[in-house]
Amino acid sequence: MPLIYLTRASVVVAMRNAEERSLSNILHLVELNIDSSYSRLLSSKFTTVTERKANLRQTAVRVSTFLNELPDSNVNAAVKMVNSLNGVSENTTRVFLYDTKGDLLSGLVDIDAKYSLCNIQDMKDRDLAQVAIPENLPPDGEFTVFQHARSTEKAKSLVFFFPMVSKGWSIGVFTSLADIQAAADVQLSKLISSLAATFSKISVYETGYITLFSGTGEVMINTSLQQPDTSVQAAIINAAGSGHRTMTINDPVAGEIEFRFVYIRPLDWYVLVAAPVAEIQKPAYTLFNQQVAIIFFIAIWGFLFALFIAQRLIKPIEMLSNFALRLPRQDFTEQNVINELTAELPVKRTDEVGDLARSIRFMCEELNESVSTMMAATAAKERIQSELVVAREIQEGMLPKTFPAYPDRNEFTLYAALDSAKEVGGDLYDFFFVDDDHLCLVVGDVSDNGVPAALYMAVTVATVRSTMQEGVPVHVAMEKINDVLSQDNPRSMFVTLFIGVLHVPTGTMQFASGGHLPPVLVHNGKPHNVHGVSGLVVGGMEGSTYTSFELQLEKNDTLFIYTDGVTEAMNKQKELYGTDRLLALMEAKSSLRLGDLLYEVRKDVDAFSDGAPQSDDITMLVLRYKGSE
């Protein structure tokens, strides 16, 4: 009861939020319905206008073909021919001829006066007489929309002007858009009727209602018995203009009313869903009262039942309590001790206490067996753990660990680090001299963790070393390594691999990347990614080909090669460390010694992870080229 009382406000808020979401869903469905219908209307209108344009262009081309066959000086014949086209009663288009100044040559003065272009502007506020001048028109003609200055028609007209520059004429083919607008109005009327039928089927609590009105205040649909308040409409229009979608007012009769509304901008419509707040909150208070009644009923009967059960359970429960006090001090590895202890339990009772006693005896027997099994499993686990430790030592022994590497070489400084996410991992790095002038750098990431990845990593390291010692180009070496690793690969494992061969005297590096992350090159304190993916991941498919790329290292340039354990490290919010954060750190710490640089990168990754477990192996190899003296 206290819990329900203390959480009453939260329950009311939760229920009200649920009811408000229901209102929002209604509003959203209506909005989608209107948007869909309006989209179909626009699509139909666009299709009709497109067809109308094609007809106008076709008419203009046909007329120009006939006019071009007339002598240049026979203007009267051209005018007669054009006028004859307008005499066809079923023709919905009008064709006129204009001179070089845009003045009307054809037509009848009284009837066709409205097709004179003087003092008429199109919808782009351009003078039509200037638009129709042949020299101003594109070679393939131009469309424009306007409204006749001397016409009583409210609908706009569409005209296509086609130039005949050689004769100094332009052809104007006109058609009215009134039928298109009329069809659109019919569609809008059908849409309103459909919405009215839909609104009538929607129940908004007991006295709620839905209203559709325009920006001018015209009410098109209203499911309420009362006429909507114009002041409410004005307030909703102002609120929608400010980006709001909800509003609450206090009505002297209905009390507090919540309005949810949406503005349909293309149609200048407002859809309003209104509901009294008391009706929205009513389910929450009903639920609260039901909970109180149920809890009160359960409490009374529970109290009576507890009194009855307590009388029957006190004595055997005391026996079980004493047994429980002695139980932790028993040796569960000895079966005889457990048998003697459980012999005191009231296992012969047929009630719940007897069931509990038998369950406790069964528990003790199972504990005896489980402890024995657990001790054997613990011993086996410790043996496996010790073997994994040895495996990790063997794996680390395969990789060079003396840093700085090659202290007798003054042309460069080299450091590397590997930290497995498990006891053994699948990341690898290696570096060795192919000959006195060529240093090979290797970084890879196997597509798994644990013992399988460690074995695959060991094979990869051995294969890379043996292949690179052959002295073949780096892309050829990558292809050979891929073919070796692709054979007898039942688990379909693969490795992303970066191999670079640095010509130490000149700083030129030939490298190939089999699906590996691009290294970071720091030049003059500015880091950037070295892009160049040679081909697929290595070991994924036999016969893959690779491409080699060239990178020129300048004096004091730093090359940082890493695996995705760095950039894909995650914090507790499942956010990734990311390449941008790595580049920013490299820029800030690029002047450090290489060992300190690796330490700073790992420290920053750990700080970002903020205690989240390491999800993947982290491998880093960094080289600073100093150049030959």
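Draft legend 1. Representation of the packing of helix α13 (residues 579–589) against helix α14 (residues 594–609) in the model. The interhelical angle for the contact between α13 and α14, taken along N-to-C directions, is 140 degrees, at an axis separation of 11 Å. Of the possible angle classes, the one that applies to α13 and α14 is oblique. Handedness of the α13/α14 crossing: right-handed. On α14, the residues that touch R581, L582, L585, M586 and K589 of α13 are L597, E600, V601, D604 and F608. Looking at the contact of α13 with α14 residue by residue, the classes come out as six nonpolar, no polar and four charged.

Draft legend 2. Examining the sheet that holds strand β19 (residues 618–625) more closely. Strand order across the open sheet formed by five strands is β10-β19-β18-β15-β16, with antiparallel pairing between neighbours. For this open sheet the edge positions go to β10 (412–419) and β16 (526–529), each flanked by a neighbour on one side alone. Sheet twist, expressed as the mean angle between neighbouring strand axes with direction ignored, is 15 degrees. Note: strand β15 (residues 520–523) against β16, four bridges, orientation antiparallel. Its bridge partner lying in β16, V520 is registered against N529. Lying over the sheet, α14 contacts β10, β18 (557–562) and β19, oriented at roughly 145 degrees with respect to β19.

Draft legend 3. Spotlight on the packing of aromatic side chains. Inspection of every chain in the model, using the stated rule, returns 21 aromatic pairs. Judged by centre distance (6.3 Å) and plane angle (90 degrees), the ring pair of F161 and F174 falls under edge-to-face. With F161 in strand β3 (residues 157–164) and F174 in strand β4 (residues 169–176), this pair connects stretches of sequence that are 13 residues apart. Each member of the pair, F161 as well as F174, is classed as buried. On the basis of an interplanar angle of 80 degrees and a centroid distance of 5.5 Å, the ring pair of Y577 and F608 is categorised as edge-to-face. In this pair, Y577 sits in the loop between α12 (564–567) and α13 while F608 sits in helix α14, placing the two residues 31 residues apart along the sequence. Clustering of aromatic rings is evident, with ring pairs tying together F403, Y406, F412, Y415, Y429, F431 and F433.

Draft legend 4. Structural context of the nonpolar core. Counting 49 residues, the largest nonpolar core has L441, L497, I499, L621 and L623 as its most contacted members. Apart from the residues lying within four places of it in its own chain, the contact partners of I499 are C440, L441, V442, V464, M468, V474, M478, I481, Q510, F511 and A512.

Draft legend 5. Broad picture of the pairing of strand β5 (residues 209–214). The buried fraction of β5 amounts to six of the six residues, a majority that puts the element mostly inside the structure. Every second residue of β5 is oriented toward a common face, with Y209, T211 and F213 on one face and I210, L212 and S214 on the other, all of them buried. Here six bridges tie β5 to strand β9 (residues 269–276), and the two strands are oriented antiparallel to one another. Its bridge partner being in β9, T211 is matched across the sheet by L272. Of the pairings in the sheet, the one linking β5 to strand β6 (residues 219–222) comprises three bridges and is antiparallel in character. If you follow L212 over to β6, its bridge partner there is I221. Between the end of β5 and the start of β6, which pair antiparallel, lie four residues, with G217 showing a positive phi angle near 95 degrees.

Draft legend 6. Structural view of unusual backbone geometry. Put simply, F403 and P404 share a cis peptide bond, and its omega is 0 degrees. Tracing the sequence through the fold places P404 in the loop between α9 (352–397) and β10. Notably, N119 is not glycine yet its phi reads approximately 60 degrees, a positive angle. Looking at the element boundaries, N119 is found in the loop between β1 (93–98) and α4 (128–131). For N119, a relative accessible area of 76% corresponds to the exposed category. Notably, N556 is not glycine yet its phi reads approximately 70 degrees, a positive angle. Relative to the helices and strands, N556 is located in the loop between β17 (549–552) and β18. For N556, a relative accessible area of 52% corresponds to the exposed category.

Calculation rules
- Along each chain, residues carry numbers from 1 onward, in the same order as the chain's sequence is written.
- Note on the predicted model: pLDDT of at least 70 is required for a residue's local features to be given, and 80 or more for side-chain atom pairs to be given and counted; whole-chain, interface and lining totals, by contrast, use all residues.
- Only heavy atoms go into the side-chain values, all of them from the structure, while hydrogens and water stay out.
- Under this scheme, a helix contributes an axis fitted over its contacting stretch, all axes are lines through C-alpha atoms, and angles between N-to-C directions fall in the 0 to 180 degree range.
- Here a strand is any run of E in DSSP of at least two residues, a helix any run of H or I of at least four, and the numbering for each starts at the N terminus.
- Oblique is the label for any angle not under 35 degrees, not over 145, and not in the 65 to 115 range, which are roughly parallel, roughly antiparallel and roughly perpendicular in turn.
- Should the near helix be turned anticlockwise from the far one by less than a right angle, the crossing is termed left-handed; should it be turned clockwise, right-handed.
- Contacts are residue-level and defined by heavy atoms, with any inter-residue pair within 4.5 Å sufficient.
- Amino acids outside the nonpolar list (Ala, Val, Leu, Ile, Met, Phe, Trp, Tyr, Cys, Pro) and the charged list (Asp, Glu, Lys, Arg) are all regarded as polar, and Gly is one of them.
- Note on pairing: DSSP must find at least two bridges between two strands before they are called paired.
- Aromatic contacts are taken between Phe, Tyr and Trp rings whose centres are within 6.5 Å, Trp giving its six-membered ring; a plane angle under 30 degrees counts as stacked, one over 60 as edge-to-face, and the others as tilted.
- For the exposure calls, accessible area comes from a 1.4 Å probe over protein chains only, and a residue counts as buried if that area is under 20% of its type's maximum, exposed if over 50%, partly exposed in between.
- As used in this record, nonpolar core signifies buried Ala, Val, Leu, Ile, Met, Phe, Trp, Tyr and Cys residues forming a set joined through side-chain atoms within 4.5 Å.

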